[in-house]
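The chain contents come next:
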Amino acid sequence: MRAERMLRGALMKALALVGLHPWLTCRECVRLVTEFLEGALSPEDRALVLAHLKGCPHCPRYVRQIELAVQLAGATTSNSVPPATRAQLLDAFRRERHRPPEEET
Amino acid sequence: MRHMSYRLAWHSVRYTLCAGAVEVEAVADDEETRSHAATPPASAEGLLVDALRGGDERVFASLIDKHTSAMLRLASLYVPTRAVAEEVVQETWLAVVRGVDSFEERSSLRTWIFRILLNKAKSSGLAERRNLPLDDLDGGEAEGPPVVDPARFTGLPRGYWSSPPNHWDELPEERLLARETLALVERAMESLPRGQRAVFELRDLQHWTAAEVCEALGITAANQRVLLHRARARLRTSVEEYLDAR
Ligand SMILES: [Zn+2]
């Protein structure tokens, strides 16, 4: 699988070098990766990124690491609310919303 | 002090990570469907708003639980102290409770809530003279320097990795989730420029759609992508530098 990818990558690179095949460099692939993941690329550019990722031994790892870094960031993030703050907010809600409409200005 | 769950959603990482470009494409498509799925259908949101207007405390409580902590983190980007950020968040919820009758449902409820939050945070930041030049949140459209050191692409032919990403993603889960690694990631997140931090929070931590983030932060789609791109790349680089140095 990996050997096949490297072979295909080497072939495409060779074709790109002699101008026979459009091919992104790794640097371009890295630059376009977010637009690719966001679905913001033109169909042509999207195909180029995909072809690069199929052939490159390194760039898929870069994409995986981006994903992993995002997962790690998620693991550090707590969405819990301090109980005191929560209680205060609920009190305010009761005061505001349970008031009959005619009392409002 | 905080009780965090230190577990990764490994099934989704594996799904993404079992590699190969075909899977990469599947991930990209999945991202798109996920973005769409993240917005509740208009009717569900309508029910939520009606419940709020009717004084349904449970609905309000669920909104508080879902958003307050992200609101605190975003407010903190604009104001000098945690205490002021808490004040801003409290005021925002009050404004939401009082203003929900006039909420016009042209945007999603959460977008509306965060717009109120950011307006309050910015004006209170100004009042505290802390609102330094409106940095990349407003001017981030420019591409800026490359996210990966160009010196790493001096392979032959030019533009190919000469110093490719190392295999730290294959480290055991215990290593990746070690307290120090997570502390490092937390510091790296905190050191992101404001705009990047805000976009990263809403997109990658709160899983909002790109459109909602643009609306809440008042930025263009292109600007949003640039900020997200830079934020993700910086985090990856920080983790790499840390784990490769071991
Ligand atoms: Zn590559």
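Residues numbered from 1 in each chain as written. Chains lettered and ligands numbered in written order. Predicted model: local features only at pLDDT ≥ 70, side-chain atom pairs only at ≥ 80, totals over all residues. Heavy atoms only, no water.

A. Focus on helix α2 (residues 26-37) of chain A. Taking 1.5 Å per residue, 12 residues should reach 16 Å; α2(A) reaches 16 Å between its end C-alpha atoms and fits that length. Among the residues making up α2(A), those that are buried are Cys26(A), Cys29(A), Val30(A), Leu32(A), Val33(A), Thr34(A), Phe36(A) and Leu37(A). (Helix = DSSP H or I, 4+ residues; strand = E, 2+ residues; numbered from the N terminus. Expected span 1.5 Å × (residues − 1). Buried < 20%, exposed > 50% of the residue type's maximum accessible area, 1.4 Å probe, protein only.)

B. Broad picture of the side chain of His52(A). Summarising the element assignment, His52(A) is placed in helix α3 (residues 43-55). The residues contacting His52(A), other than those within four sequence positions of it, are Trp23(A), Leu24(A), Thr25(A), Cys26(A), Cys29(A), Cys59(A) and Tyr160(B). (Contact = heavy atoms within 4.5 Å.)

C. Fine view of the pattern of salt bridges. This model, assessed by the stated rule, comprises 20 salt bridges over all chains. A salt bridge links Glu201(B) to Arg73(B); the shortest N-O distance between them is 2.8 Å. On the criterion of sequence distance, the pair formed by Glu201(B) in helix α10 (residues 194-205) and Arg73(B) in helix α4 (residues 57-76) is long-range, its members being 128 residues apart. In this structure, Arg152(B) engages Glu240(B) in a salt bridge whose closest nitrogen and oxygen atoms are separated by 2.6 Å. Of this pair, Arg152(B) sits in the loop between α7 (136-139) and α8 (173-176) while Glu240(B) sits in helix α12 (residues 221-244); the two residues are 88 residues apart in sequence, bridging distant segments of the chain. Judged by relative accessible area, Glu240(B) falls into the buried class, the value being 4%. Each of Arg61(A), Arg64(A), Asp169(B) and Glu170(B) takes part in a single network of salt bridges with overlapping partners. (Salt bridge = Lys/Arg side-chain N within 4 Å of Asp/Glu carboxyl O.)

D. Spotlight on the coordination of the zinc ion. Residues and elements named next belong to chain A. Of the protein atoms, only Cys26 (SG), His52 (NE2), Cys56 (SG) and Cys59 (SG) coordinate the zinc ion, at distances of 2.0 to 2.4 Å. Between the 4 donor atoms coordinating the zinc ion, the angles at the centre fall across 102 to 114°, so the site counts as tetrahedral. Here the donor residues for the zinc ion map to a single chain with the spacing C-x25-H-x3-C-x2-C. Residue Cys26 is located in helix α2, and its partner Cys59 is located in helix α4 (residues 59-76); the two are separated by 33 residues in the primary sequence. Residue class for Cys26 comes out buried when judged on its relative accessible area of 2%. (Donors = N, O, S within 2.8 Å, 3.2 Å for Na, K, Ca; no water. Tetrahedral: all angles 85-135°; square planar, octahedral: opposite > 155°, others 65-115°.)

E. Layout of the interface of chain B and chain A. Facing the 83 residues of chain B at the interface are 56 residues of chain A. Between chain B and chain A the total buried area reaches about 6300 Å² when both faces are included, carbon and sulfur atoms providing 63% of it. Connecting chain B to chain A are 8 salt bridges. For Arg86(A), the salt bridge is made with Asp65(B), and the minimal N-O distance between the two is 2.7 Å. At the surface where chain B touches chain A, the tally comes to 25 residue pairs in polar contact (both at pLDDT 80 or more). The residue makeup of the side of chain B that touches chain A, split by class, is 45 nonpolar, 14 polar and 24 charged. (Buried area = accessible area lost by both parts, 1.4 Å probe. Polar contact = N/O pair within 3.5 Å; in protein donor to acceptor, adjacent residues only side chain to side chain. Nonpolar A, V, L, I, M, F, W, Y, C, P; charged D, E, K, R; others polar.)

F. Region of interest: the packing of α2(A) against α4(A). Residue and element names in this part refer to chain A. Orientation of α2 relative to α4, taken along the N-to-C sense of each, is 25°, at an axis distance of 10 Å. Considered as vectors, α2 and α4 are oriented roughly parallel to each other. Judged by the sense of rotation from one axis to the other, the crossing of α2 with α4 is right-handed. Where α2 abuts α4, its residues Cys26, Cys29, Val30 and Val33 lie against Cys59, Tyr62 and Val63. Of the residues assigned to the contact of α2 with α4, the class counts are 7 nonpolar, no polar and no charged. (Axes fitted to C-alpha atoms, helices over the stretch in contact; angles between N-to-C directions. Parallel < 35°, antiparallel > 145°, perpendicular 65-115°, else oblique. Left-handed = near helix turned anticlockwise from the far one by under 90°.)

G. Spatial organisation of the packing of aromatic side chains. Inspection of the entire model under this criterion finds 6 aromatic pairs over all chains. Ring centres 5.5 Å apart and planes at 85° place the aromatic pair Phe60(B) and Trp93(B) in the edge-to-face group. Here Phe60(B), found in helix α4, pairs with Trp93(B), found in helix α5 (residues 82-99); they are 33 residues apart in sequence, far enough to count as distant. The class for Phe60(B) is buried, based on a relative accessible area of 1%. Using a relative accessible area of 1% as the deciding quantity, one classes Trp93(B) as buried. Here a set of aromatic residues connected by ring pairs shows up, and it is made of Tyr62(A), Phe153(B) and Trp161(B). (Phe/Tyr/Trp six-rings, centres within 6.5 Å; stacked < 30°, edge-to-face > 60°.)

None of this, on its own, says anything about what the molecule does.
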